[in-house]
Amino acid sequence: MYRNMDLDTLQALQNELICSICMNYYIDPVTIDCGHSFCSPCLHLCWEEAQTLMSCPECRGISEKSDFKTNIALKKLASLARRARVYHANSSNEQICVIHKKAKEFFCEADKSLLCGLCSETPEHVAHGHSPVQWAAEEYREKLLKRMGSLWNMTQEMQNDLNQEANKIQSFEDYVLLRKVMIKMQYQKMHLFLREEEQLHLETLEKEAEEILQQLQESAFRMTQQKASLKEMYKELTEMCHKPDLELLQDLGNVLQRTELVQVQKPQPMIPELTSHGITGILDILNNFRVDNVLSQEATGHYMCVSEDAGSVMFGVTHPGVYREPESLASLAAWGPQVFTSGKHYWEVDVTCSPNWILGVCKDSLMSDIDIISDPEAAFLLFSLKIHNRYSLSTNSPPLIQYVERPLGQIGVFLDYDNGTVSFYDVCKSSLIYSFLPSSFSFPLKPFLCFGSL
């Protein structure tokens, strides 16, 4: 009777070491906020597939965090229980050495194979490292858990990349619609004989936009497939960890190589960029309004503070002894001596010397003591910034990324004060970079230019 009670107690203890999700002994157990414990891989997959609030699979209590440390004591107890259980597979013929008719009790590190005691002493294996099956299984179970951790991190990174690519698709579609409006406005200024070229330009843009959009969608699809592959590999390794020691080691095969292969196949995010097509005669028209010496010969020292995502740019004056943020770029700025209150004015600026620059027009009242020039009501600006070895072309009012080729030489600036527009052109290609939508100017405007350091 006492012996039966001991067996019942042992069975109850072993039941406490079983994950309620996979119904196997814990692997890498974690205890969540409500006090219940689960295998970390099981909990990851459960919460990932639910795509809702992180609730306990047992009591449905909401967890405030998603990252938990391994319950070391529970992990050791589960490992002991796993060793103690009786494997029905031990009695199968495939676990008996066909040569010596002995049980396969050792694992050969070199060949990744199961051996009986006599096989381990043969010339073929005697120089290899051998370890008992249970020890080897636990060791490789830990290695698989580490590999699973790497796979899971890549899965989460891929989800982040996928979210960014999805947002980029919407942003790009909106940008294409806006660019169509800008191009139509430009061609309305041209003579009737340019309408055929306008139609061709729009058709080319449409076709190129469809191709780039398809590439973006294919990129998102590849990321979706890669995430699914990572997840399937993760599930496969989870199931493998739950196998008895002998089956785990026998099935090890090329699983580690396959996990390495799926990890190196990470697709890279795509950067969409439209071709800048020239507009016939646009520079000839603009040069009718050309003005010279629009920028002051005197340049003052300033700094640009660029956010990590290049979403905002702070601009201010350099003062001796004043602390600047680490991401600040030394720069030189110049304001035009002329003030425009009416009419059409065109000038060109050479930006070959620096990848970081800002140019456009700003309020006459914004002079060298300004702190911010990205105020949409105070300035109309085109930005070129080099962040983390990648170039970004953007405008303010409102902040907008420009999905066109970055100009490398002369940039033309056209101010149509009466119609309330500011436009930028790539002089080398005779193409439009960007044109602000018409507004009403109620203040004098000055040309502005700022060059940042390399």
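Note: the structure precedes this text.
Please read these numbers as outputs of a predicted model, since none were measured by experiment.

Attention now goes to the overall build of the protein chain. Within the protein chain, the secondary structure is distributed over nine helices and 17 strands. Residue burial in the protein chain is summarised as follows: out of 454 residues, 44% are buried. Long-range contacts, defined as pairs at least 24 residues apart, comprise 67% of the intrachain contacts of the protein chain with a sequence gap of at least 6. For the protein chain, the exposed surface amounts to about 24,200 Å²; the carbon and sulfur share of it is 53%.

Let's shift gears to the packing of aromatic side chains. For the structure on display, the rule yields 13 aromatic pairs. When the centroid spacing of 5.8 Å and the interplanar angle of 45 degrees are considered together, the rings of Phe289 and Phe414 count as tilted. One end of the pair, Phe289, is in the loop between helix 9 (282-286) and strand 6 (300-306); the other, Phe414, is in strand 14 (residues 410-416), and 125 residues separate them in sequence. Exposure remark for Phe289: the relative accessible area of 29% places this residue in the partly exposed category. A residue is classified by how much of its surface remains accessible, and Phe414, at 4% relative accessible area, is buried. On the numbers, 5.3 Å between centres and 65 degrees between planes, the contact of Phe380 with Phe441 is edge-to-face.

Attention now moves to the nonpolar core. Grouped together as the largest cluster of nonpolar side chains are 57 residues, with contacts concentrated most on Phe172, Trp347, Leu359 and Val422. For this core, the element with the highest residue contribution is helix 5 (residues 133-188), accounting for nine residues. Leaving out residues up to four positions away in the same chain, Phe172 has contacts with Ala209, Ile212, Leu213, Leu216, Pro272, Leu274 and Tyr403. Membership of the second largest hydrophobic core comes to 42 residues, among which are Cys56, Phe107, Val133 and Tyr140.

The next point concerns the packing of helix 5 against helix 8 (residues 255-264). At a minimum axis distance of 11 Å, the contact between helix 5 and helix 8 shows a crossing angle of 20 degrees. Taken together, helix 5 and helix 8 sit at an angle that is classed as roughly parallel. You can see that helix 5 and helix 8 cross each other, and the crossing is left-handed. Taken together, the residues of helix 8 that come into contact with helix 5 (itself represented by Leu144, Arg147, Ser150, Leu151 and Met154) are Leu256, Thr259, Glu260, Val262 and Gln263. Classifying every residue of the contact of helix 5 with helix 8 gives five nonpolar, three polar and two charged.

The next thing to look at is empty space enclosed by the protein. Counted by the stated rule, this structure contains one cavity of 30 Å³ or more. Together, Arg179, Ile183, His201, Ser276, His277, Ile279, Ser431 and Leu432 line the largest cavity. Its residues placed into classes, the lining of the largest cavity shows three nonpolar, four polar and one charged.

Relative orientation of the contacting elements helix 6 (residues 195-241) and helix 8 amounts to 155 degrees, with a least axis distance of 10 Å. Between helix 6 and helix 8, the angle is such that the two are roughly antiparallel. Considering how the two elements wind past one another, helix 6 and helix 8 form a crossing that is left-handed. Residue-level inspection shows Gln226, Ser229, Leu230, Met233, Glu236, Leu237 and Met240 of helix 6 in contact with helix 8, the latter providing Val255, Arg258, Thr259 and Val262. Here the contact of helix 6 with helix 8 is built from residues that sort into six nonpolar, three polar and two charged.

In the Ramachandran plot, Asp28 falls in the positive-phi region, its phi being about 50 degrees despite a non-glycine side chain. Among the structural elements, Asp28 can be located in the loop between helix 1 (2-15) and strand 1 (29-31). You can call Asp28 buried: its relative accessible area is 17%. Although it is not a glycine, Ser430 sits at a positive phi angle of roughly 55 degrees. Tracing the chain through its elements places Ser430 in the loop between strand 15 (421-426) and strand 16 (431-435).

Now for the pattern of salt bridges. Scanning the model with the defined rule gives 13 salt bridges in all. The salt bridge partner of Glu260 is Arg147, with a shortest N-O separation of 3.8 Å. Taken together, the residues Glu260 in helix 8 and Arg147 in helix 5 connect sequence positions 113 residues apart. Exposure remark for Glu260: the relative accessible area of 43% places this residue in the partly exposed category. With a closest N to O distance of 3.5 Å, Lys168 and Glu165 form a salt bridge.

Procedures and definitions
Residues numbered from 1 in each chain as written. Predicted model: local features only at pLDDT ≥ 70, side-chain atom pairs only at ≥ 80, totals over all residues. Heavy atoms only, no water. Helix = DSSP H or I, 4+ residues; strand = E, 2+ residues; numbered from the N terminus. Buried < 20%, exposed > 50% of the residue type's maximum accessible area, 1.4 Å probe, protein only. Contact = heavy atoms within 4.5 Å. Areas by Shrake-Rupley, 256 points an atom, 1.4 Å probe, with all protein chains shown as cover. Phe/Tyr/Trp six-rings, centres within 6.5 Å; stacked < 30°, edge-to-face > 60°. Core = buried A, V, L, I, M, F, W, Y, C linked by side-chain atoms within 4.5 Å. Axes fitted to C-alpha atoms, helices over the stretch in contact; angles between N-to-C directions. Parallel < 35°, antiparallel > 145°, perpendicular 65-115°, else oblique. Left-handed = near helix turned anticlockwise from the far one by under 90°. Nonpolar A, V, L, I, M, F, W, Y, C, P; charged D, E, K, R; others polar. 1 Å grid on protein atoms, 1.4 Å probe; cavity = no way out; pocket = protein on both sides within 12 Å on 5 of 7 lines; lining within 4 Å. Points joined across faces, edges and corners; volume = space filled by probe spheres on them. Salt bridge = Lys/Arg side-chain N within 4 Å of Asp/Glu carboxyl O.

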